[in-house]
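Residue-level structural notes
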Amino acid sequence: MRFSTQLAAASRLRGTGAVLAAAALLATATAAAGPVSPAAAEPVAAPAAPAAARPDCSAAHRIEQTLDGGTTWRMCWRYDTDAGLVLDKVSYQPKSAAAPIRVLTSAKLAQIHVPYDDGKNEFDDLTGAGFGMGLQNLKPAECPGGTITPVRVADLGTVKGLCTTTRARGHAYRMANDQMTKVWQAQGKDLLVYTVNKVAWYEYITEWRFSSDGTIAANVGATGSLSPMDYNATDGRGWPIGTGARSYATSHAHNVFWRLHFGLDGSPKDRVEQFDSTVTRPTGNGGPKVKTVRTPVTKELAGDAKAMRWWRVVSQNGKNKDGHARSYEIVPGPSATHDGRGFTRHDIYFTQARACEQFASNNIRDCGRGAPDSVDKWVNGEPLVNPIAWVNIGFHHIARDEDQQPMPVHWQGFQLAPRDVTAMNPLTPPALANENGQPDQPR
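These lines cover the structure that appears in this document, whether it is placed above or below. These numbers come from a predicted model, not from an experiment.

Moving on, we come to the state of the cysteines. Tallying each qualifying case throughout the model produces three disulfides. Put simply, C57 and C76 are joined by a disulfide, and their sulfur atoms are 2.2 Å apart. An S-S torsion of about -95° defines the bridge between C57 and C76 as left-handed. Here C76 lies in strand β2 (residues 72-80) and C57 lies in the loop between α1 (5-11) and β1 (62-66), a separation of 19 residues in the sequence. Exposure class is identical for C57 and C76. Each is buried.

Here we come to the side chain of R312. When you line up the elements, R312 lands in strand β17 (residues 309-319). Exposure remark for R312: the relative accessible area of 7% places this residue in the buried category. A distance of 2.8 Å separates a polar atom in the side chain of R312 from a polar atom in the side chain of E273. A polar contact is formed between the side chain of R312 and the side chain of S327, at a distance of 3.0 Å. Ignoring anything within four residues of it in the chain, the contact list for R312 reads R271, V272, E273, F275, R294, A325, S327, Y328, E329, R419 and D420.

This part is about the pattern of salt bridges. Overall, the coordinates contain 19 salt bridges when judged by the stated rule. Taking the shortest distance from any N to any O, the salt bridge between E207 and R209 comes out at 3.6 Å. R209 sits in the buried class, given a relative accessible area of 18%. Each member of the salt-bridge network shares a partner with another, and the members are R169, D190, E207 and R209.

Residues V279, V290 and M308 make up a contiguous nonpolar surface patch of about 260 Å² in total accessible area. With respect to the helices, strands and loops of the structure, V290 is situated in strand β15 (residues 289-297).

This part takes up the nonpolar core. One finds W73, W208, F210, L260, F262 and F350 to be the most contacted residues of the largest nonpolar core, which totals 62 residues. F257, Y349, A360 and V375 belong to the second largest nonpolar core, which has nine residues in total.

Okay, the environment of N255 next. The topology assignment puts N255 in strand β13 (residues 252-261). Using a relative accessible area of 1% as the deciding quantity, one classes N255 as buried. As a C-alpha pair, N255 and I393 span 138 residues in sequence and 5.9 Å in three-dimensional space. Once you skip the residues sitting within four places of it in the chain, N255 turns out to touch Q111, I112, H113, P115, A336, H338, T344, N392, I393 and G394.

Rules used throughout
- Residues numbered from 1 in each chain as written.
- Predicted model: local features only at pLDDT ≥ 70, side-chain atom pairs only at ≥ 80, totals over all residues.
- Heavy atoms only, no water.
- Disulfide = S-S within 2.5 Å.
- Helix = DSSP H or I, 4+ residues; strand = E, 2+ residues; numbered from the N terminus.
- Buried < 20%, exposed > 50% of the residue type's maximum accessible area, 1.4 Å probe, protein only.
- Polar contact = N/O pair within 3.5 Å; in protein donor to acceptor, adjacent residues only side chain to side chain.
- Contact = heavy atoms within 4.5 Å.
- Salt bridge = Lys/Arg side-chain N within 4 Å of Asp/Glu carboxyl O.
- Patch = residues over 30% accessible without salt bridge, like charges linked within 9 Å, V, L, I, M, F, W, Y side chains within 5 Å.
- Areas by Shrake-Rupley, 256 points an atom, 1.4 Å probe, with all protein chains shown as cover.
- Core = buried A, V, L, I, M, F, W, Y, C linked by side-chain atoms within 4.5 Å.

This is the structure we're talking about:
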């Protein structure tokens, strides 16, 4: 699903708007009527009152939404003509918190790398194929119950391209007492923020989802159409689409990268920890035992996912009411790691923050003469003081008859799960608010 070689070469020149639809995102309000709360006007302090806290961004670039259960999410947005949608200064405020808790300093896509199985074509869609210049106009039906914000990009004009809305997600929790006489349950809603960018026959949905329990989900959905120029594969490198076994759609990979700068509790000096659990076989009448070991990640890391391994980013100075350090766990979704390039061989990278290191491959920012241009080469043993997390989720796309026409969305992504950010479930009902620690029995 891609360009012909000739179209690809043309489209990789930044600024060639003929290949891609006009895009934009730097000038108007994101919040408005409907389930997304209007952004407040810039505060004006009364003469005798102390000055109000300065907001993180102007009302035109501010998103604020209070969800069922009392959780409020706040963030700023901007648009980058290479990376597309960027979210800055993301904070989470559960109903029990007196002030917002900063989670992310910035979050964005860092590359969509698409190599074809026959070795003939390979694309970096963000920095080599004009991803940011392909922002699409959204119809009201594509943003149900929400607000579509007009966005401006230099040299391209205005596109109605940013959707902010809420969406039901089913049970937030459910618990029955021992006598089955009482059930505590709640249905949750998420705040969704998303755009659609077109790159030739691909259309990418860049979605950020914020839940009432403090979870953040980042997803990219690929849809559109299979490339009509890439039906030249043989069996083993493609799949027959259409009548008989003549048109073999060439298989390819989607290696999607995100760049996350956490800044928990407002400080960039977070620490990173890796956890590994080892299972032993049962002996005698006992069951198997599991031991979990925590390893501080003090230097830059290229990490590989495996069973019972996970990572978290920990606040240096923020603690919950139980005295536990606040952190967020990185929870990768299903992934097919691609071994073809150095930067796609690992599932997660932690690097020391550098302003010029913005894209996981084909980094087009100026890091100096001779500087490497991919994330794997930035991992060189530097101490992690101000860490950047790079998440890589891969998908090997072997086409099927159902991919035409149009192609159903296939999703790739991960979650950021709060771990000890609050002392209890932020949605705990009042009747259970005293059950912090070992529960009383019976209920």
